[in-house]
Structures are given as structure tokens and as C-alpha cells.
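Residue strings, one per chain:
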Amino acid sequence: MSNINTYDDCVGSEDSMARFSCLCPIDHISIYEKNKRWPMCYKICANTSANCTAMPPHQLPLSLCSFQYLNSTSIMDNLSSQAYQQNAGIILAQINPDTSINGSDCQSCNAIYNFQYQNYCLANSLMRQYLHYNAYWQSTSKSSSRLHFGQLKFVAFFCMALNNDTACQQLANLCVLSHYSMEKHSPCSAFLLTQMSDMVIKYAHASEPLRILQPFLFYRKGKSTRELLTKTLQLSNPAEVELFSTNYDLSGRLQRWGAFKLDQLNLCHGQKAPTLRLAQHQVPLECQLSLEQLIDLASQQANDNYLSLYLNFSSNNQFLLHQLPVLIETLSPENQRLQQEEWQLVKRFQLISAQPKFNRQHGMLPRYEDAHKLQLYRSLRYLSQVELQYTVHPGQRIGLPLLRLNYRNIEIADNASLKQLHPFQLSISFVDSRQRHKTQLLLKLALPLLLLWAFAAALFRLQNLRRRRAAELCNNLVELLLQLSGNVAKALLMTALMLLTVQAYNYNQLAWLSYSAFLLQLMFLGVHLRRISQLDVFLIDWERPRSSSSYEGQGQRMNLDSSSLCSSVRTYVAESSVSAWRILFTANAWIRLSASQSYSTLLQAFAIIALQQLCTHLSPVALDLTLQTALISGSYLVIYAIQILVHRLLLPNPLQKFVDLCSQANVSLFSLLDPSYGYYIHGRSPHGFADTDMSSMILQLQREGQNMCGRRGLLMDSDKQAYIILPPRNLHIYLERLLLPLQRSRHGSLSQTLLYQKDIPSIDGQVERTSIAYASVNRFFCAFIDHAIKDMDYIIKEKSLVEKLCNCEIDNYLTENKGTFYIDDYYTFSHALLLGNHFNIFVLELLILLSIFMLTSSLLIATALICVMNKLLRYVFIKWVRCNVSRKTLIDERFLL
């Protein structure tokens, strides 16, 4: 800090005014009192007969003194005036109080009893209450910024003890340089203590004065912030906002005062910044800054430029200035929230700050080499986003503008390149107060209600799942969090879409909603798809094995003459005439069906890009980015709805085609998502056999069309083939016992394998164990479906309207030995496929579209990422299903497509 200045606007020239002036004359002694804004001046006596108040030890020419001494008046014995005794303060003199009365020393400053700061010699007793600022200097000692903060205690002393305006300006600049640090001993601590509405004890010091410091850096939080941002002002020029700015250097000296233009904040060279005219449509300024440009800018400003903005407005025919509030969104998490009452607004900022890098191990490169620039600084912090936001009130009245800032930190590593690019954006936005009211209404009313719905739906879903599985408390909590994440993601998306619909939002609000919803939906969908891909799948073969003896002496026999196997499955495995192709075709059809979708993501991408190009071509002016976001999201929703409608009305239902395939293959599908919940597709052929020649198959279809055979359904007089099942709880236990030998042979030791191996020399032991397990499981399911197991049975019924709407089972008969089959007219087994999860996939795609478009402003990049994500999701899911089908149906994976 340079020489400490006082208030030049209140200097008194006459002796009568000198006692209360801001700058005392040369032949006076200055005494600073804590309760007064400026020092009191007392004239020095030349002799005892003079009309004065103080007698100096010795008169010295001021030009010969090296130091100015600051000490307490209580130890100045030579000042015996009653005025000094009543007003003990700090005295500034050109004499050393440690010398004798007749001494003449003003050239030395004893370091044992004093602190030396520039040309001042400060007594230790005066600095005692400011030494706690050393704690902040020590916390920054690892960085080169200690060169600035090492003088912090002296700056604080001159500001708070001597009321020096230059020192207070420097202290405020150090607070900005620390990025408004909230630490206890930071340069901001005194400002936070005296200027904030909530005076926190941790910022206070025992002997620190509690008067309000100037300049003002902070706005009060709470109600005052809301009133500040909602007030309306009468501008002196209704067509254009007139702003003024002050620029201070780090030492606290005023560098500039004058009109302000946005070009002063423009870091993009060669591009024109938006004007301050109140035009609703101004294209934002965006560019990429190289690291070399940022280093050059930091070298020019050298942490030496601190700005404050002022608005010129009129009130009662008087022209006034109002300091603009500054919202630094990267300052604290509260500044990124939607509630204005929680914002911490400030009044001063800087464009760029840098921490110099001192490399003592290696010499600096020559300044004409580019690599020299990379050794100048350790890190940079620059303004990456500047937004001047106006609030428009009814009657085209303008509120106090708000300057929204975002800083970006750059760590300059050893492998850094000068060509590294970093973004910068400068924009002007307008917020309608009525739209802001709608925003607050949506965020304070609609969002809490949607979140309440999300929590209630998750609890209802958990209660329904508890009936289907016997899970522990920990598993129940995990399931609750999983369901809650998916519901909350949808609630946040609905809120974002409502904000887009009424055009009442800002990008920070929409970004917070979109990014949070995207992460939650991605987590939910990943876990959910992994879970449904691992469901227990069993293919029940109803085909009756045929022996070659049936053809001996009888000629060719039609398959129509054979009866169905029902539950009388042979106990042996070796049936050379049984075909396995029907099982393989059914399994492959299930795998292909699992990766099918109700809509085309690629068609969505092409349609949305075509619509954007059409709107751009037809619109006479460039669309605002906020309007583009609303149109893109709305169009994506409409295209999705059209695709779903066309798929259901005009295209054949792939689920029904799979059910028909099961009937023709004479194969049923039994699947379990949970131990006591799953789906059943009854594919038992009413003709008895499916492994027939072409002529027999044609005759079968003709007889079925003429109602000359049985019905396809599980009931005798019904064609209902799809069911939601709640099997008896013992079924899953019994099924695990049937598969236990096979599982032990796969994962067990050699001794366990030999124990369960059958002595059949014709085939390999592992293949034989698989065949035995398949035959046992097939025989068990055939018997269960035909009600042939005494201790395990089920009933068939329809769901009530409430159960269908809520996708739950309220009035069920689930016990250890009895279950319930619900007739499923809507093919709910699609929930185990991508077809039944198309809405969850669409929600994720829409969130990706919003997030990427807001991040890059490029619809092409957003749609490309959506297509890549969809392709990857289908590939991973079909791979999971393929491995699961091979493991659960006991089909070798080499036979699966």
C-alpha cells in the first residue's frame, strides 16, 4: 500500500477548523479516536507563552524524518493537556516516543517494540488486536497470494483504527481478491460482521470495533434482498440504461469514474458486445478464449482492477445513482438456488485474477518464448459468463438490473498448452415480473406437490412389492430409494416442462432441474433394466414325445390323431424323435422381442432437426435461445406421441404376434420377476402337436378357424393366453431344489460333481445333468399348470378397475400352497421388455436433449448423443437378456441369435 491518504474533501485551512479536519496542518499533532470519523488536530507549541496545547520535545524539519510514529496518547507524558487525558486515542507524530523528551530521533524504528510498515512505525500495543489476520495469511502461504495478504493486518489497522478511506478501499479489494472468502480472519470478516443482517459470532473478534465499515460490499440477505430485486425505478432515459462504473486498483486508489459500456466486460476480441438499449432480442456474445489470451489479460490487469457499477435513475425530479447488485453464482451453493432471499449479493467484482508462479528450481525462460507465459501463473480465475438481467414490470417499467456472474478456475499444469480453449459468454436477458410470479408459483406449489406425489407413489410401490417378495429391511430401503429416484426425475422433468410452457424461467433454474433429473433417471433406468433382464424364464414344452413304433405296420400317420401330453411327461430323457427347434425359435423370438421399441429414436432425431431448420427458415428474426428450448422440447413430445399412436393403431402388435408364435410352437413361457410375481403366456396348442408337416399345419389352422377344436386359452372356454401370476410361495422353493444338482455341478467341487453325475455312458455327464434338470423342470411346470400337484394350486380371476389402474394386486389369494393368476388383457409382460419401458427411455432421452442443448446450444450434438445412447442401451440390454435366457432355460448360448 502506498502512503496512507485521508479524506481530502474535509480539510480545514484555518486554526478554528483544524481541530476537526480530516488532514491536520504541518504544525499540528493528529489524534485518532475510535468513535470519530476523522482525526482531531492540536497545534504544537513553539514556546511556553504561545497559545497552543502541546509542547514538542524538539522541533525537527519534516524533510529529515524517515518515519511517522503511531502510538497511544496514554503513554505520551509530554502531552499533559486535559483534552488528551479525556480522549485517549492514537497519535500520529514525527517524533519517536521511545526517546527522551529532549531527544531528536525520527530516523529509527525499534523492531522489538514496533512494527515497520512503509514509512510508518507502529507500536506493538496498537497492532495487538489485528494480529489475528495472520491466520488468514498463513492459510494462503502455500500460494503466491500471500504477497498481498501478508499486509492484511496493517491494512485492517489503518482502515478500522484510523478510518482511512484508501486503506478501507484496499481492504475491500483484498476481500474481492479472496473471492469473498467466508473464513473467520479473511479480509471480508469485518465487512461481513458489520454489513450482514445476521451477525455471526465467528466473524467477530474480542477487541474489534463493531461500527459499519465502508465501502459497502454486501447486501443484506432475506427480505431486503427480495425488496431490492422487486423495486421499480424511473429511468432518466427510457430507451437505454445509463450505467456508470468505478475502477479501483489494489492499493485502493480510484483509477476511473465514468460511463460504463458492456465492452468493458467483453473478453472476445474482434466481436461487438450487446448494447444497453432495452431491446428484447439481443444475440448473446459467445466465443472461445485461448489460455494465451487469458494469460495476457491477467498480465495487463495484474489483480489491479476492481469494478462497481451504478445505475442512473430519477426520483422526484432528482437524478440519482444506485449501485447495481452483483450475484456471483459460483460464490456459494445458496447463490445457485431459486430462492432470492438466500442469495448473497455483492457490489464489487473483478474480471480476472491470477496467482503468480515462482519457480526457484529452474530459471525463467526468455520472455520472447511462448513457453515463458506458462511459467508466469499457477492458476487463473476469470469471468466465464456475464449476464445483465432486467426485470420488466407491468407498464414497461424496469426494475433494478441484476448482474449475474460465473467464474471459471484454470489450473495451469506443467503439460498445459497455450492453445487450450475456454468459453466466455456475455448476454442481456429480460425477465417479466408476471412470469417470475408464475415461476415462483410453480416452484413453490407445483414442485412440492409433485415431489409429494413421487414419495407417495414410491411408498405405494414398495408396499405392493412387499407382498410379492420376502425382503429384508435393507432391501426395502434400497427399493424405496430406487423407485423414489425415478419418480423424482419425472417430477423435476414435469416442472421443467411447465416452466418452458409459460416461458417463466432462467437457464440456471432449468439447468438445475434438467441435470438433477437426468442423473436420477439414468440411475433408475440402469438398475431397473438390469433387474428385469435377469428375470427367471422357463419355456414349457407341451409336445408329446413320439416313438418310431407308431409308424410300423400302419403307414404314414397324421399328427392330428395324437392327443396332448398334458401333465403326463415321460420320466426318462432319451427321446430321439423329439425336436428342439421349437424351443430354440421361441427363445430367439423372446430375445428379439425384448429389444424391440414402440418408437424410433432415429426418426425422432431426424424429425426434430427438420422442424428446427424449417422454423429457422420461416422465422424473419433469429429465435431466442429460451424460445428454441421450449419449441424443441414441445416438438419432441409431439413426435413421440404421434409415433406411439401410429404404432398402436396402424402397426401389428408384436406382443400378440409372440403369443401366437407360442401357440403354434406348443410352448408356454413362465417368468418370475420376484419369487411370488411374474407373467405366464399359455402357448399350449389346442391341436396336440406343433412339430408337424406343412399339410398338417394347414389342416390345424382350418379346424381352429371353424371352431372344430379346443380353445387356446388356459380355461376351456376362453382364448385368454396372457396372465399376471402370483404363484404359491412354495413354487420358487421347489424350483430351486430341482435346479440344485445342476447348480452344484456348475459351481461346486469335483467331488460334488461326481456325486450328482448319472452313470450313463452314452453322453457327457454335464449334458446329461442339464437334460435331467430340463426334463424335471418341464414336468413340474406341466403338472402345476394342469392342477396336478396336490400341495400347489392356483385360481384364475380378473383384476378390479382399481388394481388395473394402479398396477397392483389388492384382493389376492397368495399363500404358501395357493396362488392367483390374473387375466392380462393388456399384455403387462411387456414391462419385462423395452416395449413396456418405452416411457422411461423417452424421459431419459428428453432429459439428455434438454441438458445437452442448454450446455452446447447445438441440437445436432444433442440428437446424436440421444441416438448413440439408445443404440448402446439396446445393445447392452439384449446382451443381458441373451445370457440370462441361456442360463435360465438351460439352452446352450451358441444356439441363441
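Scroll up to find the structure.
This is a predicted model, so every value here is computed, not measured.

Trainee: Just checking my understanding: could you explain the overall build of the protein chain for this structure?
Mentor: Within the protein chain one finds 25 helices and 24 strands. For the protein chain, the proportion of its 897 residues judged to be buried stands at 50%. Relative to all contacts within the protein chain whose residues are 6 or more apart in sequence, the contacts with residues 24 or more apart total 70%. Accessible surface, the protein chain as shown: approximately 44300 Å² in total, 57% of it carbon and sulfur.

Trainee: Would you take a moment to explain the nonpolar core for this structure?
Mentor: Nonpolar side chains tend toward joint burial in soluble globular proteins. In terms of nonpolar packing, the biggest core is built from 103 residues, with Leu70, Phe157, Tyr180, Phe218, Phe349 and Leu380 touching the most fellow members. Discounting chain neighbours no more than four positions away, the residues touching Leu380 are Leu291, Leu294, Ile295, Ala298, Ser353, Ala354, Arg408, Asn409, Ile410 and Ile412. Residues Ala489, Leu510, Ile681 and Leu835 belong to the second largest nonpolar core, which totals 81 residues.

Trainee: For this particular structure, what's the right way to read unusual backbone geometry?
Mentor: Across the chain, the bulk of peptide bonds are trans and the bulk of non-glycine residues have phi less than zero. For His179, which is not glycine, the phi torsion reads 60° and is therefore positive. Following the sequence through the fold, His179 ends up in the loop between α7 (165-177) and α8 (189-195). Here Asn807, not a glycine, exhibits a phi torsion of approximately 55°, which is positive. Along the chain, the position of Asn807 falls in the loop between α23 (801-806) and β24 (818-823).

Trainee: Even after reading the chapter, I still don't get helix α6 (residues 152-160), so can you show me in this structure?
Mentor: Three- or four-residue spacings in an α-helix give side chains the same orientation, since the helix completes a turn every 3.6 residues. Counting buried residues along α6, nine of its nine residues qualify, which places the element largely inside the surrounding structure. Buried residues of α6: Leu152, Lys153, Phe154, Val155, Ala156, Phe157, Phe158, Cys159 and Met160, and no others.

Trainee: How do you make sense of the sheet that holds β24 when you look at a structure like this?
Mentor: Strand pairing in a sheet is mediated by backbone hydrogen bonds. Such pairs are either parallel or antiparallel. If you trace the six strands from one edge of the open sheet to the other, you get β19-β20-β21-β22-β24-β23, paired in mixed fashion. Two strands lie at the open edges of the sheet, namely β19 (536-541) and β23 (793-797), each paired on one side alone. Across the sheet, the mean angle separating the axes of adjacent strands is 25° when strand polarity is ignored.

Trainee: What should I look at first to understand the state of the cysteines in this one?
Mentor: Cysteine pairs can be covalently joined through their sulfur atoms, and such a bond is termed a disulfide. Considering all chains together, one arrives at four disulfides under this definition. Through a disulfide, Cys159 is tied to Cys168; the S-S separation comes to 2.0 Å. Note on the Cys159 and Cys168 pair: the S-S dihedral is about 100°, so by sign convention the disulfide is right-handed. Here Cys159 matches Cys168 in class, with each residue buried. Across a sulfur-sulfur distance of 1.8 Å, Cys268 and Cys287 are joined as a disulfide pair. Note on the Cys268 and Cys287 pair: the S-S dihedral is about -80°, so by sign convention the disulfide is left-handed. Here Cys268, found in the loop between β9 (254-260) and β10 (285-290), pairs with Cys287, found in strand β10; they are 19 residues apart in sequence, far enough to count as distant. Note on Cys268: relative accessible area 4%, which makes it buried.

Trainee: Help me understand the pattern of salt bridges, please; the structure alone is not making it clear to me.
Mentor: Oppositely charged side chains can pair when the atoms bearing their charge come close. If you walk through the whole model with that rule in mind, you get eleven salt bridges. Asp536 is the salt-bridge partner of Lys888, the closest N and O atoms lying 2.9 Å from each other. Taken together, the residues span a long stretch of sequence, with Lys888 in helix α25 (residues 859-888) and Asp536 in strand β19 at a distance of 352 residues.

Trainee: In this structure, what is going on with a nonpolar patch on the surface? I would like to understand it.
Mentor: A contiguous nonpolar surface patch, about 690 Å² in accessible area, is contributed by Val638, Ile642, Leu645, Val646, Leu649, Leu650 and Leu651. Assignment of secondary structure puts Ile642 in helix α17 (residues 625-649).

Trainee: Just checking my understanding: could you explain the packing of aromatic side chains for this structure?
Mentor: To describe a pair of aromatic rings, one takes the distance between the centres and the angle between the planes. In this structure the tally under the stated criterion is 29 aromatic pairs. Measuring from centroid to centroid gives 5.5 Å for Tyr180 and Phe218, while their planes differ by 75°, and the two rings are edge-to-face. Highlighted residues: Tyr180 in the loop between α7 and α8 and Phe218 in the loop between α8 and α9 (223-230), separated in sequence by 38 residues. Since its relative accessible area comes to 3%, Phe218 is described here as buried. Here the aromatic rings of Tyr599 and Tyr640 are separated by 5.2 Å at their centres, their planes lie at 90°, and the arrangement is edge-to-face. With Tyr599 in the loop between α15 (581-594) and α16 (601-618) and Tyr640 in helix α17, this pair connects stretches of sequence that are 41 residues apart. According to the relative accessible area criterion, Tyr640 is buried, its value standing at 9%. Connected via pairs of aromatic rings, a cluster forms that spans Phe538, Phe670, Tyr680, Tyr723, Tyr734, Phe780, Phe781, Phe784, Tyr794 and Phe821. Above the face of the Tyr219 ring, Lys347 is positioned so that its terminal group lies 4.5 Å from the ring centre.

Trainee: I keep staring at the pairing of strand β4 (residues 90-93) and nothing clicks. Help me out?
Mentor: When a strand is regular, its side chains alternate between the sheet's two faces. Because side chains alternate across β4, one face comprises the buried residues Ile90 and Leu92, and the other comprises Ile91 and Ala93, equally buried. In this structure, strand β3 (residues 68-72) lies alongside β4, joined through four bridges in antiparallel fashion. Paired with Leu70 across the two strands is Leu92, which belongs to β4.

Trainee: Looking at this structure, I do not really get the side chain of Thr889. What am I missing?
Mentor: Within the secondary structure, Thr889 is located in the segment after α25. Here Thr889 falls in the buried class, since its relative accessible area comes to 6%. There is a polar contact of 2.4 Å between the side chain of Thr889 and the backbone oxygen of Val885. If we ignore the near neighbours within four places in the chain, the residues touching Thr889 are Val537, Leu539 and Tyr774.

Trainee: What is the right way to read the packing of α16 against α25 from this model?
Mentor: Helix-helix packing: each pair is described by the crossing angle between the helix axes and the interaxial distance. Contact geometry of α16 with α25 gives a least axis separation of 9 Å together with a crossing angle of 175°. With respect to α25, the element α16 is oriented roughly antiparallel. Counting all contacts with α16, which are made through Thr601, Leu602, Ala605, Ile608, Ile609 and Gln612, the residues of α25 involved are Leu859, Leu860, Thr863, Ile866, Cys867 and Asn870. A breakdown of the residues in the contact of α16 with α25 according to their chemical character gives eight nonpolar, four polar and no charged.

Trainee: Honestly, the pairing of strand β1 (residues 28-32) in this entry has me stumped. Any pointers?
Mentor: Within β1, five of the five residues are buried, which leaves it mostly tucked inside the rest of the structure. Side-chain alternation along β1 places His28, Ser30 and Tyr32 on one buried face and Ile29 and Ile31 on a second face that is also buried. Across three bridges, β1 lies against β4 in antiparallel orientation. Residue pairing in the sheet places Ile31 in a bridge with Ile91 of β4.

What counts and what doesn't
Residues numbered from 1 in each chain as written. Predicted model: local features only at pLDDT ≥ 70, side-chain atom pairs only at ≥ 80, totals over all residues. Heavy atoms only, no water. Helix = DSSP H or I, 4+ residues; strand = E, 2+ residues; numbered from the N terminus. Buried < 20%, exposed > 50% of the residue type's maximum accessible area, 1.4 Å probe, protein only. Contact = heavy atoms within 4.5 Å. Areas by Shrake-Rupley, 256 points an atom, 1.4 Å probe, with all protein chains shown as cover. Core = buried A, V, L, I, M, F, W, Y, C linked by side-chain atoms within 4.5 Å. Pairing = 2+ DSSP bridges. Axes fitted to C-alpha atoms, helices over the stretch in contact; angles between N-to-C directions. Disulfide = S-S within 2.5 Å. Salt bridge = Lys/Arg side-chain N within 4 Å of Asp/Glu carboxyl O. Patch = residues over 30% accessible without salt bridge, like charges linked within 9 Å, V, L, I, M, F, W, Y side chains within 5 Å. Phe/Tyr/Trp six-rings, centres within 6.5 Å; stacked < 30°, edge-to-face > 60°. Lys NZ or Arg CZ within 6 Å of the ring centre and 35° of its normal. Polar contact = N/O pair within 3.5 Å; in protein donor to acceptor, adjacent residues only side chain to side chain. Parallel < 35°, antiparallel > 145°, perpendicular 65-115°, else oblique. Nonpolar A, V, L, I, M, F, W, Y, C, P; charged D, E, K, R; others polar.

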